[in-house]
Amino acid sequence: MNKGLLALAIGGFGIGMTEFVMMGILPDVAGALDISIPKAGHFISAYALGVVVGAPLITAIGGKWPAHKVLLLLMLWFTVFNTLSAFAGSYEMLLAARFLSGLPHGAFFGIGAVVAGKLAKPGKSAQAIATMFTGLTLANVLGVPLGTYLGHQYNWGISFLMVGVIGILAMLGIKFWMPDLDKSSPDGFKKDLKVLKKPELWMVILLTTVGTGGFFAWYSYIAPLITNVAGHDESVVSYAMILAGVGMVVGNILGAKLAEMFSPIYAVILTLITMSILLVANSYLAHDPVFILIMTFLIGMVAFCISTPIQMAVINSSKGSEMLGSSLNQSAFNMGNASGAYLAGLPIAMGYGFTSATLVGAAMAGSGVLIAIAVILIRKRHSERIPVPVEN
């Protein structure tokens, strides 16, 4: 493996752990801070909001510096505020710490995806981007379950201290393994902004927000689904997170293959249709202790089939300003995170039970299919407007 890609994967591991471990320790955080589980879900939304704000803002500010230096500074910020999250003693403090921790997330993955494509061998961009996201998926197999277990058994703050250590390792990897790179935005941010005039780009961003929100509507409340609904002991949550993480690793690899076999947007449609079906099925099967674990693996797998295809789709839709477009897509992922967690929490707060979250997720994934079809129609109309040169 290219060592530069390995450095990105380590960073992705840390980001994946801090983003998803909160789902596993949600009941522990709620109990420690004396708040309800739906209110604790605000920490998930606060982190996601930080990503949404930080991705375009930091990409704009960092455009004047070489990409490898920007990645190093992003991981430094990430390390500091995740470590501070471990010592937050109140709802307000942790909410602020989670928001600040999320600021570098989108820019790191957005810039990193474009950098990965540049580091890749010809024709292997999809595999290179998938390699970076492998760190995120492996976090769900190793880091998130371990952080969830330690959070249950000792103190939830240990999970974020672990993230801080991983952040330091990522910084070392970027410092010593990443080759010198050009400026993140060689033509200037003002020129990059022209890409925002493309309707296709905004539709892909909307697709990411709504479609992936279906996954987060389910995953944000996975811990109470496993304990309160299926009746498992709290210790089983860690093993369930491992199952979900293994599914994500498999899905990430499969998603790269789908992006190479089909157009990325068609791979996204296939994935979202399957996800919607699985989420509906999960609402009926969640009470069964065995089936809920099987569905945890399957939903995790299908959900992460979308990562590489949707990232390639947005890069293709923002030619000339790839890093801005790629970073905006990370904002979209986390708008999906925030909206999924929030919308799924509404029926739960109304007393409809934790299975209602999966139905919200199914509706969001299904809506994503319709948006993806609209993207195809926009591309078709655009191609019809381009005049075909006539040979003499």
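Quantities reported herein were computed from a predicted structural model and do not represent experimental measurements.

## Observations regarding unusual backbone geometry
Then, number 1: Although it is not a glycine, Asp34 sits at a positive phi angle of roughly 60 degrees.
Then, number 2: Tracing the backbone shows Asp34 in the loop between helix 2 (26–33) and helix 3 (37–62).

## Describing the nonpolar core
Then, number 1: In terms of nonpolar packing, the biggest core is built from 126 residues, with Val115, Phe215 and Tyr219 touching the most fellow members.
Then, number 2: Looking at which element gives the most residues to this core, the answer is helix 5 (residues 91–119), with 12 residues.
Then, number 3: Setting aside residues up to four positions removed in sequence, Tyr219 forms contacts with Phe20, Met23, Asn140, Met241, Ala244 and Met248.

## Some remarks on the packing of helix 1 (residues 3–24) against helix 3
Then, number 1: Where helix 1 meets helix 3, the axes come as close as 8 Å, and the angle between the chain directions of the two elements is 155 degrees. As far as their axial angle goes, helix 3 and helix 1 are roughly antiparallel. Judged by the sense of rotation from one axis to the other, the crossing of helix 1 with helix 3 is left-handed. Here Ile15, Thr18, Glu19, Met22 and Met23 of helix 1 come into contact with helix 3, specifically with Phe43, Ile44 and Tyr47.
Then, number 2: Classifying every residue of the contact of helix 1 with helix 3 by side-chain character gives 6 nonpolar, 1 polar and 1 charged.

## So, the confidence of the model for the protein
Then, number 1: Scored by pLDDT, the protein has a mean of 85; 94% of the residues are at 70 or more.
Then, number 2: This stretch, residues 388–392, has a pLDDT under 50; its non-local contacts, to residues over four places away or in other chains, come to 0 contacts.

## Some words on helix 4 (residues 67–85)
Then, number 1: For helix 4, spanning 19 residues, the distance from its first C-alpha to its last is 27 Å, which sits close to the expected 27 Å at 1.5 Å a residue.
Then, number 2: Against helix 1, helix 3, helix 5, helix 7 (157–177) and helix 15 (322–349) lie the buried residues of helix 4.

## Let's talk about a nonpolar patch on the surface
Then, number 1: Residues Leu6, Val165, Ile168, Leu169, Leu172, Phe176 and Trp177 make up a contiguous nonpolar surface patch of about 680 Å² in total accessible area.
Then, number 2: Here the nonpolar patch gets 6 residues from one element, more than from any other, and that element is helix 7.
Then, number 3: As for its placement among the helices and strands, Trp177 is situated in helix 7.

## Topic: the packing of aromatic side chains
Then, number 1: Tallied over the full model, the rule gives 14 aromatic pairs.
Then, number 2: With 6.3 Å between their ring centres and 65 degrees between their planes, Phe20 and Phe304 make a pair best called edge-to-face. Note that Phe20 is positioned in helix 1 and Phe304 in the loop between helix 13 (291–303) and helix 14 (307–316), a separation of 284 residues in sequence. For the pair formed by Phe20 and Phe304, the shared burial category is buried.
Then, number 3: Ring pairs connect the aromatic residues Phe20, Phe215, Phe216, Trp218, Tyr219 and Phe304, which therefore count as one cluster.
Then, number 4: Between the NZ or CZ atom of Lys39 and the centre of the ring of Tyr91, over which it lies, the distance is 4.5 Å.

## Considerations on the environment of Gly16
Then, number 1: Mapped onto the elements, Gly16 comes out in helix 1.
Then, number 2: Remark: the alpha-carbon pair of Gly16 and Gly351, spanning 335 residues in sequence, is separated by 31 Å.
Then, number 3: The residues touching Gly16, leaving out its near neighbours within four places in the chain, are Leu136, Ala139 and Val144.

## A closer look at the pattern of salt bridges
Then, number 1: Scanning all chains against the criterion turns up 1 salt bridge.
Then, number 2: Ionic pairing is found between Glu200 and Arg379, a salt bridge with its closest N-O pair at 2.8 Å. In this pair, Glu200 sits in helix 9 (residues 199–219) while Arg379 sits in helix 16 (residues 356–385), placing the two residues 179 residues apart along the sequence.

## Section: the side chain of Thr212
Then, number 1: Tracing the sequence through the fold places Thr212 in helix 9.
Then, number 2: For Thr212, the side chain forms a polar contact with the main-chain oxygen of Thr208, separated by 2.4 Å.
Then, number 3: Filtering out sequence-adjacent residues up to four positions away, Thr212 remains in contact with Leu207, Ile306, Ala332, Phe333 and Gly336.

Calculation notes
- Residues numbered from 1 in each chain as written.
- Predicted model: local features only at pLDDT ≥ 70, side-chain atom pairs only at ≥ 80, totals over all residues.
- Heavy atoms only, no water.
- Helix = DSSP H or I, 4+ residues; strand = E, 2+ residues; numbered from the N terminus.
- Core = buried A, V, L, I, M, F, W, Y, C linked by side-chain atoms within 4.5 Å.
- Buried < 20%, exposed > 50% of the residue type's maximum accessible area, 1.4 Å probe, protein only.
- Contact = heavy atoms within 4.5 Å.
- Axes fitted to C-alpha atoms, helices over the stretch in contact; angles between N-to-C directions.
- Parallel < 35°, antiparallel > 145°, perpendicular 65-115°, else oblique.
- Left-handed = near helix turned anticlockwise from the far one by under 90°.
- Nonpolar A, V, L, I, M, F, W, Y, C, P; charged D, E, K, R; others polar.
- pLDDT = per-residue confidence, 0-100.
- Expected span 1.5 Å × (residues − 1).
- Patch = residues over 30% accessible without salt bridge, like charges linked within 9 Å, V, L, I, M, F, W, Y side chains within 5 Å.
- Areas by Shrake-Rupley, 256 points an atom, 1.4 Å probe, with all protein chains shown as cover.
- Salt bridge = Lys/Arg side-chain N within 4 Å of Asp/Glu carboxyl O.
- Phe/Tyr/Trp six-rings, centres within 6.5 Å; stacked < 30°, edge-to-face > 60°.
- Lys NZ or Arg CZ within 6 Å of the ring centre and 35° of its normal.
- Polar contact = N/O pair within 3.5 Å; in protein donor to acceptor, adjacent residues only side chain to side chain.

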